[in-house]
Every structure is written in C-alpha cells, then in structure tokens.
Amino acid sequence: MTEHKFAIVLGTRPEIVKLAPILRVCDERCISYSLIHTGQHYSDELDSVFFERLNLPKPDYHLDIGSDSHGKQTSKMLTGIEDIVQTENVDIVLVQGDTNTVLAGAIATSKLDAKLGHIEAGLRSFNRDMPEEINRIVTDHVGDFLFAPTEESATLLRNEGIDESRIYVTGNTIVDAVQANREIAIEKSAVLKEHNLTPGEFILMTAHRAENVDDPDRLASILSGIDRVARELDYPVIYPIHPRTQNRLNEFNLTVPDTTRLVDPLDFLDFLRLEDTASLVITDSGGVQEETCILQTPCVTVRDSTERPETVSVGANVVVGTDPEDIVNGAIEQLHKSTDWEAPFGDGTAAEQILDILL
Ligand code: UD1
Ligand code: UDP
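Residues numbered from 1 in each chain as written. Chains lettered and ligands numbered in written order. Predicted model: local features only at pLDDT ≥ 70, side-chain atom pairs only at ≥ 80, totals over all residues. Heavy atoms only, no water.

Draft legend 1. Spatial organisation of the site of ligand 1. Around ligand 1, the structure places 18 residues, and the nearest of them are His 41, Tyr 42, Ser 43, Glu 132 and Arg 244. Tyr 42 has a polar backbone atom sitting 2.7 Å from an oxygen atom of ligand 1. Within the side chain of Arg 244, an N or O atom sits 2.5 Å from an oxygen atom of ligand 1. Here ligand 1 is seated within the largest pocket. (Near = heavy atom within 4 Å. Polar contact = N/O pair within 3.5 Å; in protein donor to acceptor, adjacent residues only side chain to side chain. 1 Å grid on protein atoms, 1.4 Å probe; cavity = no way out; pocket = protein on both sides within 12 Å on 5 of 7 lines; lining within 4 Å. Sits in = over half its atoms within 2 Å of the grid points.)

Right, here's the structure in full:
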C-alpha cells in the first residue's frame, strides 16, 4: 500500500463539524495528516468551541486569514495552503463543502502535483449569485475524488460532464457526526434548562446566508415571518445568531420581535440538542437542513432554492422564500406532516468509506 501524505483543510464552523468524523477515523487507523486551519472563522463561538467540544486535535497550521473581501480572503488562503502542500510534500488534499476556504484549497491543489478530494461534492442550488455555488462548481471541476452524498448529487456531476471515474457516492459525513454526538448531547447538554425550553414546544431558528441577511428587506421579512409563526403556534423562538447577521441587524437598525430570543452561537452539542427537541426549525443553513432531516425534526427553509432537494423529496423540508405569509404557511404545513421519513444521506459510514477509497 502506498503511504500517502494527507492535508485536511478547514476554516469555518460547518467544515469543523463535518470533517470531525474524518479526523476521528484517521486517528483510529493511525493515518497521519496535516490539519490546516485557514482562520476564515476565528471567533471562539464559531471556532475553538467546536475543537474543544468535539475533542479535535489542534491544527498543525493556522493561517489566521480572518475576514476580508472574497478575493483578498481567498487569495491569502490560497497562497498559505500552497506553501504548506509544497513544503510538506502532500499528495492528497481534502476539502469539505462550499466555503471560500474550500475554493482556496481546491485552486491551490489543482496547480500542484497533488490530488484533491472534495467531500460533499455535486450539490447545486442553481443560483449562481450565491458565492457558495461558484465555490462548489469550481471545486468539483478541479477535484480528483468527488465524494457525493447521494445518487442525486452524483447525477448532477455526471450532467456537467464530469468523468464517472472521479465520482464516489459515500453519504454525507454529517450523518456520522450526528450519530456520534446525539447521545452525548442528551447526556451533556444543559441547553434546554439554561434557556427554559420545553421539548416539542419551541422553534429553533438560524439565518446567516449573505443573500438573506445582507439585504435589509429580506432580513426584515424573515424576522416578521418568524414572529408570525411564533404567535400562531404560541411557541418561543430561540435564535443563536451568527456574527454576520448580528452585524447586519446593527447596521440596518433592525430590532428583533419579542417572540424571538437572540442568543450567542451555540456549541455543536447544545445546538444538536435543540435541533433534536424543537417542534420546528426555520433556517437558511445547509447543514441544518441535513441535520433536521436526520433527526426527524420538520424544517422550513427561508431561501429561494436549496442544494439539498433530497430533504424536500422525503418531506423533511419545505423551501418557502422569505415572504412572511409563505413562512407561516410552510411552518403549518410541516407541523401537520408525519415525521417518519427516511433520511437520504447515508448510514453514518461516510468517513470510513472516503478513507477506504483514498487509501
Ligand atoms: C461563511 C461561508 C458560508 C457558510 C458560513 C458558515 C463563504 C463565502 N461563506 O459565511 O458558506 O455557510 O461561513 O457559518 O465562505 N465574522 C465574525 N467572526 C468569525 C467569522 C466571521 O465576527 O469568526 C463576521 C465578520 O464580520 C465577517 C462576517 O462574519 O465579515 C462574515 O464572515 P465570512 O467568513 O466572510 O462569511 P460567513 O457569513 O461566515
Ligand atoms: N451550528 C452550531 N451552533 C449554532 C448554529 C449552527 O453548532 O449556533 C452547527 C450546525 O449544527 C451545523 C453547522 O453549525 O452543523 C452549520 O453551520 P452554518 O449554518 O454556519 O453553515 P452552513 O451549513 O449553512 O454552511
């Protein structure tokens, strides 16, 4: 068996969560790797708290890039990753998802004598205004090992002319992460008590997508929709707020309705516990659409499209846009459905399958 030199690149909250199962399997199998953190996320509550709660090793390299315009941020990450891949003689670089960190890792690797593995390949929202859509397309087209979570995402890759030999359907590592942490969250998380919430009698909310929160009208419309859902159901809304959204609320001088409790971003165990016990989750997050589907919690997505259409097909999710009336109707529709759908993202062995393929 050839000895490979791996580099695993991450930079944001969802990448830390979804790469955690890969790091765990690497440790179990004594596979060595260099862990590169770009520093795209750097606030403790989006970064270090996840390393601590998920018992992850400290990154071997921290590029400390931070926030900037997309071009500047991506180019600084690209240069940093290139240097490490060259000096460490890395021959396989792994990236996960669709952030600027992923794009930087993909372009850096494609210019070097190393192979690129893309975990969560083949997702498409068909909305090219989203920076994530461009990041996904570019990464998939330069990737050598494309780990598609579902047959549907594999088909989308084939439809773009990508050769079959590069495509592997493995499921999504988020299933592995949820399976590994659900019981731990029940045992360790005190979030329900801390926020005085009763299982099945509250709504969990997240919204941070640039296309929603950077537009004052869309953000105001989402807040109004959430308020109407809370009043209609007579449930409180808990909203762990992403720093991007908090900045925009301040900038646009928007106030959050009384029915909505803003809290700081939560660590993964606390957040998972809330997703597991909420009556309903309203979100624009990609990962949250998947996790709610896995946890049998109904979801309403406040976006115009989703790159996770499988969640809609099985009945776990509806995509309603940002009109308050549509948000209320979506919430009512979801609450009246049965939640016995089958989650489409695999059986929790994605990380093992990915490493088997690479080795
Ligand atoms: C990024 C990803 C998005 C992903 C999200 C996960 C891109 C283009 N976007 O969006 O796909 O869904 O991460 O959460 O890669 N900030 C902080 N602390 C931090 C990080 C950011 O305060 O640790 C603030 C800064 O004001 C920054 C803003 O949030 O300008 C946006 O951060 P950025 O990393 O550019 O994008 P996200 O919105 O986090
Ligand atoms: N998450 C968390 N705490 C929070 C909000 C989200 O741990 O307060 C987790 C969530 O469980 C999921 C990931 O963060 O695993 C999703 O990240 P985010 O919504 O920021 O990004 P996206 O998935 O949309 O790219």
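Draft legend 2. Highlighting the nonpolar core. By size, the foremost hydrophobic cluster in this structure holds 41 residues, and its most contacted members are Ile 8, Ile 22 and Leu 358. Looking at this core element by element, the count peaks at eight residues for helix H1 (residues 13–28). Both of domain 1 (6–169) and domain 2 (181–335) provide at least three residues apiece to this core. Residues within four places of Ile 22 in sequence aside, it is in contact with Ile 8, Leu 94, Ile 119, Thr 173, Ala 351, Ile 354 and Leu 355. Counting residues in each nonpolar core, the second largest holds 23 residues, with Ala 207, Ile 222, Leu 223 and Val 302 among its members. (Core = buried A, V, L, I, M, F, W, Y, C linked by side-chain atoms within 4.5 Å. Buried < 20%, exposed > 50% of the residue type's maximum accessible area, 1.4 Å probe, protein only. Helix = DSSP H or I, 4+ residues; strand = E, 2+ residues; numbered from the N terminus. Domains from an automatic or database assignment. Contact = heavy atoms within 4.5 Å.)

Draft legend 3. Main features of the layout of surface pockets. Roughly 1100 Å³ of internal volume is contained in the largest pocket. What lines the largest pocket is a set of 45 residues, and nearest its centre among them are Thr 12, Pro 14, His 41, His 208 and His 242. Where the lining of the largest pocket is concerned, the elements lending two or more residues are H1, helix H3 (70–87), helix H5 (131–142), helix H11 (243–252), helix H12 (268–277) and helix H13 (286–294). With five residues, the top contributor of residues to the lining of the largest pocket is H1. A class-by-class count of the residues in the lining of the largest pocket yields 14 nonpolar, 19 polar and 12 charged. Taken together, 17 residues form the lining of the second largest pocket, with Arg 53, Leu 54, Asn 55, Asn 181 and Ile 184 sitting closest to its centre. The dominant element in the lining of the second largest pocket, judged by the number of residues it contributes, is helix H7 (residues 173–188), at six residues. Inspection of the lining of the second largest pocket shows a minimum of three residues originating in each of domain 1 (6–169) and domain 2 (181–335). (Points joined across faces, edges and corners; volume = space filled by probe spheres on them. Nonpolar A, V, L, I, M, F, W, Y, C, P; charged D, E, K, R; others polar.)

The values are spatial; any link to function lies outside them.
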